[in-house]
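# Structure assessment
Residue-level listing of the chains:
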Amino acid sequence: MSRECEFLVIGGGIAGVSCAESLAICRPTASILLLTESSIVKSVTNLVPVARYLHKFDVRERDVSEMGAIIETLVDQLDHINSKEHWIRTIKGVVIKYRYLCLCTGGVPKLFCGQVLDPCAFGIRDTDSVLYLQRKLAAAKDVLILGNGGIASELAYELKDVNVHWVVKDAHISATFVDPGAAEFFQLARSELDAQDSSPVTAIKRMRYGEVLPKEQTNKHGAALGPDWHRTFELSGAAGGADKRLPKIYYKSRIYSTLELPDEAGYEVQLQHEDGSKEQLTCDFIVSATGVSPNTFYSCDSKLKLSEDGGILVDEMMRTNLEDVYAAGDVCTANWPAAMHWFQMRLWTQARQMGSMAGRSMAAASEGETVYQDFCFELFGHVTKLFGYPVVLLGRFNGQDLGQDYEILVRCTRNKEYIKFVLQKGRLRGAILIGDTDLAETCENLILNGIDLEPYGDDILNPDIDIEDYFD
Ligand SMILES: Cc1cc2nc3c(=O)[nH]c(=O)nc-3n(C[C@H](O)[C@H](O)[C@H](O)COP(=O)(O)OP(=O)(O)OC[C@H]3O[C@@H](n4cnc5c(N)ncnc54)[C@H](O)[C@@H]3O)c2cc1C
Ligand SMILES: NC(=O)C1=CN([C@@H]2O[C@H](COP(=O)(O)OP(=O)(O)OC[C@H]3O[C@@H](n4cnc5c(N)ncnc54)[C@H](OP(=O)(O)O)[C@@H]3O)[C@@H](O)[C@H]2O)C=CC1
């Protein structure tokens, strides 16, 4: 069987859907085909500006058949690309000729034990993997969570009726997103508010995953989960007792070895601490929340250039090294001269921005027009929720790539807000805003305009001075 289209987009995650939607806007009469493994696709909805270039949005799950009249869809799996002759073949043997191809095949969990299937460890990516976690949890008393990023930070405090052993290689929690000060702010808030038996009151309304649960037969290899996914699933263990316990955190530690115990008694895990000492614990299983590897499990007639992290290298127009082949989202690695305030992180926002950029870029190429890179790639911005608090991360919020040559200014009000400014030569280079600070737009302006803040000294974060009025 064979098909033909002008634009072929692979992947029904945020990147693929944003790419197809942007093509449908730019080239409404062209034939656009979205090929995806799972019949549930994700798209952005309720886009709300938090600042001029920073948005928060919900992610909607819908059946691929609801994609609209302009975008054709096919549920199947990409198997092989023939870039010279401009066709691909799917696992089911369908050959699709294309003029332009965009690869948005996302990522897979990067396990600490490599990609080898290990019965004691698994990662979380899609609905399937959470259902697996749920089943394992039902009989578990002790769970080890390895990693210090988004998933570990969410899971460590969300599991109920189970002893959580959280192993992090840093000296503080949630190191991917925050600094030690903010980590302490979260931990204090968590223990104090848990003790009062109330959660921090923050209501960012977002769609919860599973509101549209994939049908059993189409459930495999779906797109990545996202905000609030853990609230949709009952994640309770079998330890009984107190409903929620604080996790036991092992700082500056790594897994040294694992050993399966007889009679399904779980695993004996040896941790190695930074000082070389070892510690032993027993757990039922390990959640390896140790990052993402780009998903490029398909063959190609010519070599796709990959970066060290396995991502498909793309230029500022989202073009790969192969003619008329583009890539976007978690599967790609940005390979253009980075703007002063932007860097890549595998996040929803960037999957959406890259997908849209790829769509615009392919549409322009098809009409012989020139487009320029979107302004969103000038400034890193991430809006999320951690430990119940709204979090905005801007620019080089943790001093990324600034070496030692920067200062930080912090304002913290216990259980309410944590504000950190990263300043270099008097200019704001990044910010962490936790709580309802209303400072996102001001910080965005200060970073982009590069205003010299030296004359204001520490007053810049003086609670009695309204810096919003000062600079807006
Ligand atoms: C548990 C979890 C929580 C997260 N929370 C947040 C958050 O709060 N905020 C945030 O910004 N980011 C979050 N992320 C990250 C975010 O979800 C991803 O960065 C984003 O979804 C990536 O989108 P994508 O379209 O590139 O990839 P994916 O969402 O992985 O989509 C890839 C698509 O490609 C399809 N596919 C793969 N291979 C093939 C093939 N060979 N043939 C056909 N189709 C194929 C898949 O079925 C899927 O539809 C979270 C991730 C996880 C796992
Ligand atoms: N709220 C949000 O925005 C959320 C975002 N996500 C996103 O989903 C994706 C997957 O999340 P996640 O798996 O948490 O990935 P992250 O990239 O967020 O975090 C991975 C963590 O694991 C650490 N790590 C890597 N390898 C090892 C190892 N062998 N042993 C111990 N620690 C290790 C990393 O340290 P180091 O960085 O030093 O290598 C890092 O702290 C990410 O793109 C993440 O950004 C997920 C959940 C929530």
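Residues numbered from 1 in each chain as written. Chains lettered and ligands numbered in written order. Predicted model: local features only at pLDDT ≥ 70, side-chain atom pairs only at ≥ 80, totals over all residues. Heavy atoms only, no water.

Looking now at the overall build of the protein. A tally of regular secondary structure across the protein gives 8 helices and 29 strands. For the protein, the C-alpha radius of gyration of 23 Å lies close to 23 Å, the compact-globule estimate for 472 residues. Each principal axis of the C-alpha distribution contributes one length, and for the protein these read about 70 × 60 × 40 Å. Per-residue burial for the protein yields a buried fraction of 55% across its 472 residues. Within the protein, contacts between residues at least 6 apart in sequence are counted, and of these 62% link residues at least 24 apart. As displayed, the protein has an accessible area near 21000 Å², and 48% of this comes from carbon and sulfur atoms. Computed over 47 positive and 67 negative side-chain charges, the inter-centroid distance for the protein is 3 Å. (Helix = DSSP H or I, 4+ residues; strand = E, 2+ residues; numbered from the N terminus. Rg over C-alpha atoms; globule rule 2.2 N^0.38 Å. Buried < 20%, exposed > 50% of the residue type's maximum accessible area, 1.4 Å probe, protein only. Contact = heavy atoms within 4.5 Å. Areas by Shrake-Rupley, 256 points an atom, 1.4 Å probe, with all protein chains shown as cover. Lys, Arg positive; Asp, Glu negative; His and termini not counted. Charge placed at Lys NZ, Arg CZ, Asp CG, Glu CD.)

With that out of the way, let us pick up the UniProt feature "domain: FAD/NAD(P)-binding" (unreviewed entry) in the protein. As recorded in UniProt, the feature "domain: FAD/NAD(P)-binding" (unreviewed entry) lies at residues 8-186 and 271-355. Structurally, residues 271-355 comprises 9% helix and 32% strand, and the distance from its first C-alpha atom to its last is 40 Å. (UniProt positions renumbered as here; feature names shortened; annotations may be inferred.)

This paragraph deals with the nonpolar core. Leu-8, Leu-103, Met-318 and Ile-434 are the most contacted members of the largest nonpolar core, which has 106 residues in total. The residues contacting Ile-434, other than those within four sequence positions of it, are Val-178, Ala-182, Phe-185, Phe-186, Tyr-389, Pro-390, Val-391, Lys-416, Glu-417 and Tyr-418. (Core = buried A, V, L, I, M, F, W, Y, C linked by side-chain atoms within 4.5 Å.)

The next subject is the site of ligand 2. In the region of ligand 2, 19 residues are neighbours, and Ile-151, Lys-169, Arg-346, His-382 and Thr-384 sit closest. Separating an oxygen atom of ligand 2 from a backbone N or O atom of Gly-150 is a distance of 3.1 Å. Within the complex, the protein chains bury 74% of what would otherwise be the 900 Å² of accessible surface of ligand 2. Of all the elements in the fold, those that place two or more residues in the shell around ligand 2 are helix 3 (150-156) and strand 25 (381-386). Looking at the shell around ligand 2 residue by residue, the classes come out as 7 nonpolar, 9 polar and 3 charged. (Near = heavy atom within 4 Å. Polar contact = N/O pair within 3.5 Å; in protein donor to acceptor, adjacent residues only side chain to side chain. Nonpolar A, V, L, I, M, F, W, Y, C, P; charged D, E, K, R; others polar.)

Attention now moves to a negative patch on the surface. A surface patch of negative charge is lined by Glu-407, Glu-454, Asp-458 and Asp-459. Turning to its location among the elements, Asp-459 is positioned in the loop between helix 7 (440-449) and helix 8 (467-471). A residue is classified by how much of its surface remains accessible, and Asp-459, at 38% relative accessible area, is partly exposed. (Patch = residues over 30% accessible without salt bridge, like charges linked within 9 Å, V, L, I, M, F, W, Y side chains within 5 Å. Salt bridge = Lys/Arg side-chain N within 4 Å of Asp/Glu carboxyl O.)

Take the packing of aromatic side chains next. Counted under the stated rule, the structure contains 18 aromatic pairs. Consider the rings of Tyr-157 and Phe-387, whose centres lie 5.2 Å apart with planes at 85 degrees: the pair is edge-to-face. Here the residue Tyr-157 occupies a position in the loop between helix 3 and strand 14 (163-167), and Phe-387 occupies one in the loop between strand 25 and strand 26 (389-395), the gap between them amounting to 230 residues. Overall, the relative accessible area of 7% leaves Tyr-157 in the buried class. Assessed through its relative accessible area of 8%, Phe-387 is described here as buried. Ring-pair connections join several aromatic residues into one group, and the members of that group are Tyr-157, Trp-166, Phe-185, Phe-186, Phe-387, Tyr-389 and Tyr-418. Lying over the aromatic face of Tyr-100, Arg-99 brings its terminal NZ or CZ to 4.6 Å of the ring centre. The ring centre of Tyr-256 lies 4.2 Å from the NZ or CZ of Lys-278, which sits over that ring. (Phe/Tyr/Trp six-rings, centres within 6.5 Å; stacked < 30°, edge-to-face > 60°. Lys NZ or Arg CZ within 6 Å of the ring centre and 35° of its normal.)

The end-to-end C-alpha distance of helix 6 (residues 348-366) is 27 Å, a good match for the 27 Å that 19 residues give at a rise of 1.5 Å each. In terms of burial, helix 6 is a largely internal element, 15 of the 19 residues being buried. The positive-phi residue at the C-terminal boundary of helix 6 is Gly-368, with phi of around 65 degrees. (Expected span 1.5 Å × (residues − 1).)

Going through the model one piece at a time under the given rule, you end up with 19 salt bridges. Of the charged contacts in the structure, one is a salt bridge between Glu-21 and Arg-62, with a shortest N-O distance of 2.9 Å. Within this pair, whereas Glu-21 is found in helix 1 (residues 14-26), its partner Arg-62 is found in strand 5 (residues 55-63), the two being separated by 41 residues in sequence. A salt bridge links Lys-420 to Asp-179, with the shortest nitrogen-to-oxygen separation between them at 3.3 Å. Taken together, the positions of Lys-420 in strand 28 (residues 417-424) and Asp-179 in the loop between strand 14 and helix 4 (180-195) put the pair 241 residues apart, joining distant regions of the chain. Residue Lys-420 shares its accessibility class with Asp-179, and that shared class is buried. Residues joined by salt bridges that share partners form a network here, namely Glu-6, Arg-27 and Glu-367.

Pairing in this open sheet of 5 strands is mixed, and the strands run 1-9-8-7-21 from one edge to the other. Because the sheet does not close on itself, it has two edges, and the strands there are strand 1 (2-4) and strand 21 (299-300). Relative to strand 8 (residues 87-90), strand 7 (residues 78-82) runs antiparallel, the two sharing 4 bridges. Looking at strand 8, one finds that His-80 is bridged to Arg-89. (Pairing = 2+ DSSP bridges.)

Along the polypeptide, Thr-349 turns up in helix 6. Its relative accessible area of 11% is what places Thr-349 among the buried residues. Other than its neighbours up to four places away in sequence, Thr-349 contacts Phe-57, Gly-381 and His-382.

Positive phi, normally seen in glycine, also occurs at His-86, with a value near 60 degrees. Secondary-structure assignment places His-86 in the loop between strand 7 and strand 8. Unlike most non-glycine residues, Phe-387 shows phi in positive territory, near 50 degrees.

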